[in-house]
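As a plain string of letters, each chain reads:
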Amino acid sequence: MHNYEEEIKRCLNCLNKPCKQACPLGNDIPRIVVLMKEDKLREAYEVLSETTVLPAICSKICPHDKQCKKNCTLKFKGQALNVGDIEFLLAEVANKNDWKLPMLDNSLKNRKIAVIGSGPSGLTAAAFLARYGADVSIFEKREKLGGVLMYGIPEFRLEKDFLQNTLERLIRDLNIKVFLNQKYGEDINYEFLNENYDAIFFGMGANKSKMMGIPGEELNGVYGGNELLEYDSHPDYTNKVVYVSGGGNVAVDTARVIKRRGAKRVTIVYRRSETEMPADIKEIEEAKKDGVEFVFNTNVVKILGDTKVEKIECVKTKYNEEKQLINVEKSNFELAADCFVMSIGSIVDNTSFTNGEVEINKFGKVLIDENMKTSSEKIFAAGNLVSDNSSAAMAARSGRDAAEKIKSFLVEKY
Ligand SMILES: Cc1cc2nc3c(=O)[nH]c(=O)nc-3n(C[C@H](O)[C@H](O)[C@H](O)COP(=O)(O)OP(=O)(O)OC[C@H]3O[C@@H](n4cnc5c(N)ncnc54)[C@H](O)[C@@H]3O)c2cc1C
């Protein structure tokens, strides 16, 4: 008797599959559960593999409450099906039994493809292209694979040994070549890739903190959340009072890490209400348990200090009749602070694209057409580099879609 059997028994196998529809990857949970009920775990794993190559990771970090579990019919009867646990179980069984990801077809045999960046979009694109028989090389600027999974999401949410073991297996099983410490724009360039590869995939993400554009941003003690997490470039927080601006995963992770590193008080200042926070509900609850405090319906409008942060000036917010969020007049107040962290959004670091090889749109993202192709003949792009995907699964989905577009492009061309 497996311990997951009780859980899968609860699945109603809904005809309209609301969980599948809400999953960015379109994982066919009901079909998978039917196979699991018949003890056909390998077949169930193969169905899961049709849509995802990172099930073990998504099982741990997907905002299930906002995706599959949000729409699960069982939720309205009490408790949604624990989709993440089911996904994790299958990934673990596959790992133990050394089941490889099934190959799809050989349509890209003899085609060489370069993937730049190894976040969820790059890894997924690389894996699907390899499953079509392509000779895939990943070029990654950092010393390890994973993108934000490795250099953003903290260890206490996603163990790095587990992540690296999972990714190593993926790379090994699919014979993907990996070149670490290779930065596009410095160590490798468009000319090299154009000469050596039939197609190029860009998945460099967007992991630069968006500035707020408020007075005082130049003061000592002001930081960007993405950089603190990515480069582990934290100052000493002992006895420090820290305010973090934002409401997404980056803000919550940054605040939790800072609290765990010994800050006296850490408070997230969010311009809307708690229920409107884009961060995962579970993470908000965990942050509260860590002792992180929250101030809602508040905007930070100024950072005050001589050379370093001394205070932040805030203003209350509300919705006007047109349902736009506005600052409430004369509601300004000040809070004493030692550090201020901006985590209101992430933008693309465009410094790698210096030769005009790709066009940038008005949002600072790489412009792609309906075929996920950039303005350059051979370059395709996906993930946070091209849109504000807020989750790893969304980035992975766009990587998978790009792989399909690259396949069509190459099959037609050769
Ligand atoms: C702190 C934080 C917490 C998050 N928490 C969650 C969560 O709990 N659940 C969830 O689903 N999503 C979460 N997200 C969002 C999710 O991680 C991202 O949506 C996803 O990682 C984007 O994937 P990507 O492949 O587009 O880019 P990234 O993951 O950013 O990967 C881009 C890769 O490209 C590499 N690169 C960049 N420039 C170059 C270059 N010039 N040459 C070579 N390589 C380059 C980078 O080093 C990196 O490895 C979080 C994000 C952050 C920042």
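Our structure's up above, just so we're on the same page.
From a predicted model like this one, the values you see are computed outputs, not experimental measurements.

Draft legend 1. Layout of the site of the ligand. In the neighbourhood of the ligand, 36 residues make up the surrounding shell, with I61, S121, E140, Y184 and A392 lying closest. A distance of 3.5 Å separates an oxygen atom of the ligand from a polar atom in the backbone of G203. Within the side chain of S352, a nitrogen or oxygen atom sits 3.0 Å from a nitrogen atom of the ligand. Taking 1,000 Å² as the accessible area of the ligand by itself, protein coverage stands at 95%. Listing elements by their share of the shell around the ligand, those giving two or more residues are α8 (120-131), α13 (249-260) and α15 (392-413). Among the elements that take part in the shell around the ligand, α13 stands out by supplying three residues, more than any other. Residue classes in the shell around the ligand are distributed as 13 nonpolar, 17 polar and six charged.

Draft legend 2. Molecular detail of the environment of S121. Mapped onto the elements of the fold, S121 is located in helix α8. Given a relative accessible area of 5%, S121 falls into the buried group. Residues contacting S121, with those up to four places away along its chain left out, are F201, G203, A382, G383, A395, A396 and G399.

Draft legend 3. Summary view of the packing of α13 against helix α14 (residues 281-290). As a packed pair, α13 and α14 sit with axes 10 Å apart at the nearest point and diverge in direction by 20°. Our classification of the angle between α13 and α14 gives roughly parallel. Note on packing geometry: the crossing formed by α13 with α14 is left-handed. Residue-level contacts link N249, V252, R256, K259 and R260 of α13 to E283, I284, E286, A287 and D290 of α14.

Draft legend 4. The state of the cysteines, seen in detail. Throughout the structure, instances matching the rule amount to zero disulfides. With no disulfide of its own, C62 lies 4.1 Å from the sulfur of C58, the closest cysteine sulfur. Of the residues examined, C62 reaches a relative accessible area of 8% and is grouped as buried. With no disulfide of its own, C72 has C19 as its nearest cysteine by sulfur position, at a separation of 6.5 Å. A relative accessible area of 9% means that C72 is categorised as buried.

Draft legend 5. Spotlight on the sheet that holds strand β14 (residues 339-342). If you walk across this open sheet you meet the five strands as β6-β14-β7-β8-β9, and the pairing is parallel. At either end of the open sheet lies a strand with only one pairing partner, and these are β6 (222-224) and β9 (293-295). Recorded for the sheet is a direction-independent mean angle of 25° between the axes of neighbouring strands. Bridge count between strand β7 (residues 241-245) and strand β8 (residues 265-269): five bridges; the pairing is parallel. Pairing of V241 across the sheet is with R265, part of β8.

Analysis parameters
Just so you know, the residues in each chain are numbered from 1, in the order the chain's sequence is written. Residues qualify for local features only when their pLDDT is at least 70, as the model is predicted, and side-chain atom pairs are given and counted only at 80 or more; totals for whole chains, interfaces and linings, by contrast, use all residues. Side-chain calculation: all heavy atoms of the structure are included, whereas hydrogens and water are not. Nearness here has a simple test: a residue counts as near a molecule or strand if at least one of its heavy atoms is within 4 Å of that partner. Side-chain atoms alone can form a polar contact between residues adjacent in sequence; in general such a contact is a pair of N or O atoms within 3.5 Å, and within protein one must be able to donate a hydrogen while the other accepts it. What sets the accessible areas is the Shrake-Rupley method with a 1.4 Å probe; for residues, cover comes only from the shown protein chains. Working definition: helices are DSSP H or I runs of at least four residues, strands are E runs of at least two. Numbering for both runs from the N terminus. Any residue outside Ala, Val, Leu, Ile, Met, Phe, Trp, Tyr, Cys, Pro, Asp, Glu, Lys and Arg is labelled polar, Gly included; the first ten of those are nonpolar and the last four are charged. Type-normalised accessible area, obtained with a 1.4 Å probe on protein chains alone, sets the label of each residue: buried when under 20%, exposed when over 50%, and partly exposed for intermediate values. By the convention used here, residues are in contact when the closest approach between their heavy atoms is within 4.5 Å. Axis definition: a line fit to C-alpha positions, over the contact stretch in the case of helices; interaxial angles, taken between N-to-C directions, run 0 to 180 degrees. Here the word oblique covers every angle except those under 35 degrees (roughly parallel), over 145 (roughly antiparallel) and from 65 to 115 (roughly perpendicular). Left-handed describes a crossing in which the near helix is turned anticlockwise from the far one by less than a right angle; the clockwise case is right-handed. Working definition: a disulfide is two cysteine sulfur atoms within 2.5 Å of each other. Strand pairing requires that DSSP identify at least two bridges connecting the strands.

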